[in-house]
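# Overview (structure and organization)
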Amino acid sequence: MPELPEVEVVRAGLDPAVTGATVLGVTVLDERALTRYSGSAAQFEAALTGRVVRSAARRGKFLWMPLQPGPDDAPAADALVAHLGMSGQLLLRTPGTAAERHERVRLDIQHPEHGEFTVVFADQRTFGSLTLDTLVPTPDAAPGGLGSPDATVPSQVAHIARDPLDPAFRDLEFRTTLARKKSAIKRVLLDQSVLSGVGNIYADEALWHSRIHPGTPASALSTRAVNRLLADVRGVLERALAEGGTSFDAQYVNVNGQAGYFAHSLNAYGRTGEPCPRCGRPIVRVSFMNRSSHYCAHCQPFDKRRDRSRPVS
DNA sequence: AATGTGCCCTGAGGGC
DNA sequence: TGCCCTCAGGGCACAT
């Protein structure tokens, strides 16, 4: 559920507290939070303790905190990488706070000016994870992501495309890629190696704004349609960001545990059976790629002969 | 190479 | 009351 706007809210909340802070201690309460990490929980704790965080950075839905170089004998770890998965949260708490319900990892840090904080990684559905990773140069020599001081990304994030709000995102390359893709446009929007940061909610919203059926082959879209879609993707992401993200339940929150307000602004996602805000006909829901797609069959028409989605009873 | 499918996980909510 | 089912879905391993 956390997509680009939600993850960016977390990054922006984390950045002032962690930049320049020293990791005083690390506690792994549940090793499932380290599925992307090759070592043991003890190794993770040891490798991170004592390190100094340089910033909080983000590309798409991936977060990372570049670290200042550790001692020469320390294991190679250039950054702490976090992915929230579906239900992950990074919370800023005061030291000694009681454990969150689904707390998986706790970092105690000390900021040179703001004092001590506890960074809690909590995750109900355990699809999120933390890991330590090396940083590799970006092929285009542009900054690795928002909040990254240099042109590097964690190696595990290298295959993730830049997100559409990244100044180094290349619209032309995006159009070229879409022209070669025969997959449904909804699938392509969710492909983080094509563009990152868009998940099920904002894919449905952008397609609704652009009046494009989610099953339309990407290559069938005109240049004009792709440009409109990209503009609508950026529009929904920016508006959601301005409202602090989307939340349906207690799963997505900022670093202070507060929910965003964008759910009130959704036009298609989660509105099955409700009138389309544009034409008044009911929003329909189909199951597609093991996910739900919500759209207006009138405003977003499609040639059924090429429609790969199937109705949900 | 490109495309599509299945699975990891927990808790909420509906039906009976 | 409680049990079983479905749903939420990001990312990746795997199959074709």
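Residues numbered from 1 in each chain as written. Chains lettered and ligands numbered in written order. Predicted model: local features only at pLDDT ≥ 70, side-chain atom pairs only at ≥ 80, totals over all residues. Heavy atoms only, no water.

Counting residues in each nonpolar core, the largest one holds 35 residues, and the members touching the most others are Leu14, Phe44, Leu48, Leu90, Val105 and Leu132. At five residues, helix H1 (residues 4-18) tops the list of elements feeding residues into this core. Sequence-distant contacts of Leu132, that is, excluding residues within four places in its chain, are made with Tyr37, Phe44, Ala47, Leu48, Leu67, Ala77, Ala79 and Leu80. (Core = buried A, V, L, I, M, F, W, Y, C linked by side-chain atoms within 4.5 Å. Buried < 20%, exposed > 50% of the residue type's maximum accessible area, 1.4 Å probe, protein only. Helix = DSSP H or I, 4+ residues; strand = E, 2+ residues; numbered from the N terminus. Contact = heavy atoms within 4.5 Å.)

On to the protein's contact with DNA strand C, then. As a structural note, the neighbourhood of DNA strand C is formed by 17 residues, with His83, Met86, Phe127, Tyr269 and Arg291 the closest of them. Among atoms of DNA strand C positioned within 4 Å of the protein, sugar and phosphate together represent 61%. In this structure, Arg36 approaches DNA strand C through a side-chain N or O atom, which is 3.3 Å from a phosphate oxygen. Here a base nitrogen of DNA strand C sits 2.9 Å away from a polar atom, N or O, in the side chain of Arg125. Residue composition of the surface near DNA strand C, by class: five nonpolar, seven polar and five charged. (Near = heavy atom within 4 Å. Polar contact = N/O pair within 3.5 Å; in protein donor to acceptor, adjacent residues only side chain to side chain. Nonpolar A, V, L, I, M, F, W, Y, C, P; charged D, E, K, R; others polar.)

Around DNA strand B, the surrounding shell holds 14 residues, and the nearest of these are Arg32, His102, Gln124, Lys182 and Ser183. For DNA strand B, the fraction of atoms within 4 Å of the protein that belong to sugar or phosphate moieties is 61%. At 2.6 Å from a phosphate oxygen of DNA strand B is found a side-chain nitrogen or oxygen belonging to Arg32. The backbone of Lys182 places a nitrogen or oxygen atom 3.1 Å from a phosphate oxygen of DNA strand B. Taken together, the residues of the surface near DNA strand B sort by class into one nonpolar, five polar and eight charged.

As a further point, take the packing of aromatic side chains. In total, this model carries two aromatic pairs according to the counting rule given. Where Tyr37 meets Phe44, the ring centres are 5.3 Å apart and the plane angle is 80°; that geometry is what we call edge-to-face. By relative accessible area, which is 0% here, Phe44 ends up buried. One residue, Arg278, lies across the ring of Trp208, its end atom 3.9 Å from the ring centre. (Phe/Tyr/Trp six-rings, centres within 6.5 Å; stacked < 30°, edge-to-face > 60°. Lys NZ or Arg CZ within 6 Å of the ring centre and 35° of its normal.)

This paragraph deals with the UniProt feature "binding site: DNA" (unreviewed entry) in chain A. In the numbering used here, UniProt assigns the feature "binding site: DNA" (unreviewed entry) to His102, Arg125 and Lys181. Taken together, the annotated residues stretch across 80 residues and extend over separate regions, lying up to 39.7 Å apart by C-alpha. On the secondary structure map, His102 appears in the loop between strand S5 (88-93) and strand S6 (103-111). Other than its neighbours up to four places away in sequence, His102 contacts Phe121, Ala122, Asp123 and Gln124. Using a relative accessible area of 30% as the deciding quantity, one classes Arg125 as partly exposed. (UniProt positions renumbered as here; feature names shortened; annotations may be inferred.)

This brings us to the pattern of salt bridges. Two side chains with opposite charge may pair up if their charged atoms get near one another. Scanning all chains against the criterion turns up 14 salt bridges. A salt bridge links Arg58 to Asp163, with the nearest nitrogen and oxygen atoms 3.1 Å apart. One end of the pair, Arg58, is in strand S2 (residues 57-59); the other, Asp163, is in the loop between strand S10 (152-154) and helix H3 (171-180), and 105 residues separate them in sequence. For Arg58, a relative accessible area of 3% translates into the label buried. Because the salt bridges share partners, they merge into one network encompassing Glu8, Arg11, Arg58 and Asp163. (Salt bridge = Lys/Arg side-chain N within 4 Å of Asp/Glu carboxyl O.)

A separate point is the sheet that holds strand S8 (residues 129-133). The antiparallel open sheet is built from four strands, whose spatial order is S2-S3-S4-S8. What marks the edges here is a single partner per strand, and that holds for S2 and S8. Across the sheet, the mean angle separating the axes of adjacent strands is 25° when strand polarity is ignored. As paired strands, strand S3 (residues 62-66) and strand S4 (residues 79-83) are joined by five bridges and run antiparallel to one another. Opposite Met65, over in S4, you have Leu80 as the bridge partner. Against the sheet, helix H2 (residues 41-48) engages S4 and S8, with an angle of about 60° to S8. (Pairing = 2+ DSSP bridges. Axes fitted to C-alpha atoms, helices over the stretch in contact; angles between N-to-C directions.)

Another aspect to go through is unusual backbone geometry. Positive phi, normally seen in glycine, also occurs at Thr126, with a value near 55°. The residue Thr126 is located in the loop between strand S7 (115-123) and S8 in this model. The residue Arg211 is not glycine, and still its phi comes out positive at about 60°. Inspection of the secondary structure assignment puts Arg211 in the loop between helix H5 (200-210) and helix H6 (223-242). Judged by its relative accessible area of 47%, Arg211 falls in the partly exposed class.

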